[in-house]
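A structural walkthrough
If you want the building blocks of each chain, they are given just below.
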Amino acid sequence: MSEAQPTLLTPRVLVPFLLVTLIWGSTWIVIKGQLGVVPPSWSVSYRFFVAGGAMFAFAALRRERLFLDGRGLGFAALLGASQFVFNFNFVYRAEEYIASGLVAVLFALLIVPNTLLGRLFLRTPLERRFLVGAGIAIVGVAMMILQEYRAAAIGPEAVVIGTLFTLAGVLSASSANIMQGTGFARSQSMIVMLAWAMLIGACANGLFAFATTGAPRIEQSFVYLGGIVYLGVIASAVTFPLYFNIIRAVGPGQAAWSSVLIPIVAMGMSTLFEGYRWAPLSIAGGAVALVGLVIAVAKRPERPTVSGNMVAVPVENDPNT
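A brief structural summary. (Residues numbered from 1 in each chain as written. Predicted model: local features only at pLDDT ≥ 70, side-chain atom pairs only at ≥ 80, totals over all residues. Heavy atoms only, no water.)

Here's the deal with the packing of helix H1 (residues 11–32) against helix H10 (residues 222–250)
- Axis separation between H1 and H10 bottoms out at 9 Å; the angle between their running directions is 145 degrees. Crossing hand, H1 versus H10: left-handed. Of the residues in H10, those touching H1 at Arg 12, Val 13, Pro 16, Phe 17, Leu 19, Val 20, Ile 23, Trp 24, Ser 26, Thr 27, Val 30 and Ile 31 are Gly 227, Tyr 230, Leu 231, Ile 234, Ala 235, Thr 239, Phe 240, Leu 242, Tyr 243, Ile 246, Ala 249 and Val 250.
- Residue composition of the contact of H1 with H10, grouped by class: 19 nonpolar, four polar and one charged. (Axes fitted to C-alpha atoms, helices over the stretch in contact; angles between N-to-C directions. Helix = DSSP H or I, 4+ residues; strand = E, 2+ residues; numbered from the N terminus. Left-handed = near helix turned anticlockwise from the far one by under 90°. Contact = heavy atoms within 4.5 Å. Nonpolar A, V, L, I, M, F, W, Y, C, P; charged D, E, K, R; others polar.)

Regarding the side chain of Thr 27
- Within the secondary structure, Thr 27 is located in helix H1.
- For Thr 27, a relative accessible area of 7% translates into the label buried.
- When sequence neighbours within four positions are dropped, the list of residues in contact with Thr 27 reads Tyr 230, Leu 231 and Ala 235. (Buried < 20%, exposed > 50% of the residue type's maximum accessible area, 1.4 Å probe, protein only.)

Regarding the packing of helix H3 (residues 70–94) against H10
- The contact between H3 and H10 brings their axes to 15 Å, and the two run at 125 degrees. On the basis of their axis angle, the class for H3 and H10 is oblique. H10 is crossed by H3, and the crossing has right-handed handedness. On H10, the residues that touch Gln 83, Phe 84, Phe 88 and Tyr 92 of H3 are Leu 231, Phe 240 and Phe 244. (Parallel < 35°, antiparallel > 145°, perpendicular 65-115°, else oblique.)

Remarks on the nonpolar core
- Leu 8, Phe 48, Phe 240 and Trp 257 are the most contacted members of the largest nonpolar core, which totals 79 residues.
- The residues contacting Phe 48, other than those within four sequence positions of it, are Phe 84, Phe 88, Met 198, Ala 202, Ser 236 and Phe 240.
- Membership of the second largest hydrophobic core comes to six residues, among which are Trp 42, Ala 209, Tyr 224 and Ile 228. (Core = buried A, V, L, I, M, F, W, Y, C linked by side-chain atoms within 4.5 Å.)

Take a look at the structure:
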């Protein structure tokens, strides 16, 4: 009997999903330490030079072939541009206008383009239960967005600019997610493909930074340099292979549920380290989003089939089937 199609609750998917969610939930605080002295594009470039180097080292330890053919390099360049250039530049710039908590919550909307584009380009099946759960979660996200907007107390122009930057980042990230679900991506080594995508993305970020802000700058502080290492190794080299494997296993729609949970984790981290206080609307929105998640991914119990006076109950993992 062939292995059943995995879901988000399948242990081999659930464990990396939770790990990715926890790590990425912590990055919003770390990114704040990257802003100020060093232009955002240089910070993004440093992050992915570190990440790409770590990925190449890992691939070498696994004795994988480190080179790609022309088609593979072209794919890696597109992946690097969408995920590691546009996405992160948009996010870093968004945090210059609006609070990191609001950026994190807005990014929860990733589930919308991931689901729609996955259906359009990858023919990912959509169940009514998933759509209902996603709709409920979006209501919860909207409640958290409203609370973060009220708490930010910033001008309408900054809100509009920051929101547009964030949504542009969401679309860029979603494009990369869909690319990882294609047959060509599945035929390539995940580690080597990501290593090249990160390296190409780092070089592109560096060229853009040099053209727009001048020579490289770096902040000689533990917070900044430690943040670069954490974001490059833990939050990139470790998590992106895990996340893209989740996409390959269950599709971009289900994988995007991490973006719904990340703001909750981010606000929890902010509670521990920044004294963030949960407002009733945030608590209610987080609870509604979690209810939506449960509805979307809960496995529907199989109904026994009735034949005459006999009830046939599905038997899983029967070695005789």
